[in-house]
Amino acid sequence: MVAEADSGSQSSGLRLKQEISLLHGVCLIVGNMIGSGIFVSPKGVLLYTGSFGLSLVVWAIGGIFSVFGALCYAELGTTIHKSGASYAYILEAFGGFLAFIRLWTSLLIVEPACQAVIALTFSNYLVQPFYPTCSAPYNAVRLIAAAIICLLTCVNCMKVKWGAILQVFSTVAKVLALIVIIITGMVKLAQGFDQNFEDSFKGSKLNPGDMALAFYSALYSYSGWDTLNFITEEIKNPKRNLPLSIAISMPIVTVIYILTNVAYYVVMDADQVLNSEAVAVTFADEVLGWGRWLIPLAVAISCYGGLNSSIIAASRLFFVGSREGHLPNVLCMIHIKRFTPIPALLFNGGMSLLYLSVPDVFQLINYFSFNYWLFIGLSIASLIYLRFKAPDLPRPVKLSLFFPIVYCLCSVFLVVVPLYSDTINSLVGIAVALSGVPVYFLCIHLPPSSRPAFLTNILDRSSLVTQKLCLCCAASSDIDLDNVDPEKIE
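Residues numbered from 1 in each chain as written. Predicted model: local features only at pLDDT ≥ 70, side-chain atom pairs only at ≥ 80, totals over all residues. Heavy atoms only, no water.

Chemist: What exactly am I supposed to notice about the overall build of the chain here?
Modeler: Scanning the chain from N- to C-terminus turns up 19 helices and four strands. Across the 490 residues that make up the chain, the buried fraction comes to 56%. Contacts in the chain between residues far apart in sequence, at least 24 positions, make up 81% of those at least 6 positions apart. Here the chain has roughly 20400 Å² of accessible surface; of this, 67% comes from carbon and sulfur atoms. (Helix = DSSP H or I, 4+ residues; strand = E, 2+ residues; numbered from the N terminus. Buried < 20%, exposed > 50% of the residue type's maximum accessible area, 1.4 Å probe, protein only. Contact = heavy atoms within 4.5 Å. Areas by Shrake-Rupley, 256 points an atom, 1.4 Å probe, with all protein chains shown as cover.)

What follows is the structure, given as structure tokens:
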């Protein structure tokens, strides 16, 4: 992605060059959606649904639900030409306060918790082949997860593009791993191994609380459909390519996910799935013989790519927030020679390491899912709000209001029901969101002259110390992290 001069007006500075084609868009969405989730979430979905049949229904509904959300984002992305996805849409519709709270929750819980889940999945799949008859040691899994977070944070501090080549290989690896799993499962099914599907809805858990938590696990795997909306400004002909990329990508991923779960259930019974720390590794041990080592290796590479993408995306989100004045300068500084956002990366990495202390990986998903779906639902609500507030706004893609209304109602279910069924995790999410209220009031709402002097001194001192330790300085708000013009360094 390249920054190019805008010849129309010198005052407009630099803008991002539009380099993302339709093919790139499809690959970005598919590559980002197919991450660690499909290799870890089947256990969570089955745990909360209680049966193979209901779990497949949840996976199918999760795919349809994600398609609805992606279609709504197609309209928002072609109407509001700003990068930043839900943060940008909430900012445009509801103002700075709610947008800041969304950014705040991403900073403190959504991004680092998601990265911790991916790192733990990477570690489990890397270690599990050495412990085929028992669970991998807890400390070993956590230490390896911490090591990969530190390694990738270091790589991105050195040079963002160093991970680009391996990123391509990781996308190929994850798709090939799933194709191998699907083909193997279909062959077994054709051979008559269908005993696990007899009375497949027996033991189903139909209470709303368990259903909501099952959807959390499934929708975690489907997350990533908003990838292109984070880089709307860089898409070629976004009015055409953004909605087309979404329309092509979503059915592909949904079909792959359902077929992958069918393959798992053909080979493994419910107890095997629930007792497995790495479902795909257990699958490979059961049916792939000497080639079983290929699956954990492919999954580990896949998780590496997903974690690297998440780390890069988090730093981009912080920069968008900084452009709107919602983050302090210390988090939007870049290295004076390497042009990488070292302070933001180190903060993000430190938060991810903190979340590794949570014993249960599914609790991590529930931690950030509450906040994630709250603000995704709010961003979809902005579509409905803008239809009435700004009816004459140009809308190249205009959906029936049926889609956003259904999505918002489902989001209410995903947010409200866990308050009763998973109260502690939900209260953690609410506490994180509410903790941003005093921060917004003191640091953004109040004019600089009215802000507490000690707070200003702390921010100034932290900025100075960060500049000295990391050799960083503030960057222009319109800088492109991938192709930095040294003149944009302030």
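Chemist: Is there a simple way to think about the state of the cysteines in this case?
Modeler: Note: disulfide means a covalent bond formed between the sulfur atoms of two cysteine side chains. Across all of its chains, the model carries zero disulfides by this definition. Not part of a disulfide, C72 finds its nearest cysteine sulfur in C408, a span of 7.4 Å. Summary of cysteine pairing: C157 is not part of a disulfide, and the nearest cysteine sulfur, belonging to C154, is at 6.6 Å. (Disulfide = S-S within 2.5 Å.)

Chemist: Honestly, helix 12 (residues 294–323) in this entry has me stumped. Any pointers?
Modeler: One full turn of an α-helix is made of 3.6 residues, so residues set three or four places apart face in the same direction. If you check helix 12, its first and last C-alpha atoms are 44 Å apart, about what 30 residues at 1.5 Å a residue would give, namely 44 Å. Downstream of helix 12 by one or two residues, G325 has phi in the positive range, about 80°. (Expected span 1.5 Å × (residues − 1).)

Chemist: Explain empty space enclosed by the protein to me, please; I cannot follow it from the model alone.
Modeler: Regions of empty space are outlined by a rolling probe, equal in size to a water molecule, passed over the atoms. Taken as a whole and assessed by the stated rule, the structure comprises four cavities of 30 Å³ or more. Its boundaries defined by the atoms lining it, the largest cavity holds a volume of some 50 Å³. Of all elements in the fold, only helix 5 (96–127) and helix 14 (361–389) reach the threshold of two or more residues within the lining of the largest cavity. Looking at the lining of the largest cavity, its residues break down into four nonpolar, four polar and one charged. (1 Å grid on protein atoms, 1.4 Å probe; cavity = no way out; pocket = protein on both sides within 12 Å on 5 of 7 lines; lining within 4 Å. Points joined across faces, edges and corners; volume = space filled by probe spheres on them. Nonpolar A, V, L, I, M, F, W, Y, C, P; charged D, E, K, R; others polar.)

Chemist: What is the right way to read the packing of helix 8 (residues 208–222) against helix 15 (residues 402–416) from this model?
Modeler: A pair of packed helices can be characterised by two numbers: the angle between their axes and the separation between those axes. As a packed pair, helix 8 and helix 15 sit with axes 9 Å apart at the nearest point and diverge in direction by 110°. Classified by the interaxial angle, the pair formed by helix 8 and helix 15 is roughly perpendicular. From helix 8, P208, M211, A212, F215, Y216 and L219 reach across to helix 15, where they touch F413, L414 and V415. Looking at the contact of helix 8 with helix 15, its residues break down into nine nonpolar, no polar and no charged. (Axes fitted to C-alpha atoms, helices over the stretch in contact; angles between N-to-C directions. Parallel < 35°, antiparallel > 145°, perpendicular 65-115°, else oblique.)

Chemist: What is the right way to look at a nonpolar patch on the surface in this model?
Modeler: Together, V172, L176, I179, I183 and V187 line one region of the surface with nonpolar side chains, adding up to about 420 Å² of accessible area. Inspection of the secondary structure assignment puts I179 in helix 7 (residues 164–190). (Patch = residues over 30% accessible without salt bridge, like charges linked within 9 Å, V, L, I, M, F, W, Y side chains within 5 Å. Salt bridge = Lys/Arg side-chain N within 4 Å of Asp/Glu carboxyl O.)

Chemist: Mind showing me how you'd approach the layout of surface pockets here?
Modeler: Computed from the structure, the second largest pocket encloses a volume of approximately 860 Å³. Residue lining of the second largest pocket: 34 residues in total, with L327, P328, N329, C443 and L459 positioned closest to the centre. Elements that contribute at least two residues to the lining of the second largest pocket include exactly helix 5, helix 12, helix 13 (342–355), helix 18 (436–445) and helix 19 (453–470). Ranked by residues supplied to the lining of the second largest pocket, first place goes to helix 19 with seven residues. For the lining of the second largest pocket, the per-class residue count stands at 21 nonpolar, ten polar and three charged.

Chemist: When you look at the packing of helix 9 (residues 238–267) against helix 11 (residues 279–287) in this model, what are you seeing that I'm missing?
Modeler: Running from N to C, helix 9 and helix 11 point in directions that differ by 50°, and their axes come no closer than 10 Å. Taken as axis vectors, helix 9 and helix 11 run oblique relative to one another. Relative to helix 11, the crossing made by helix 9 is left-handed. Note on element contacts: helix 11 touches helix 9 through V279, A280, F283, E286 and V287, opposite A263, Y264 and V267. (Left-handed = near helix turned anticlockwise from the far one by under 90°.)

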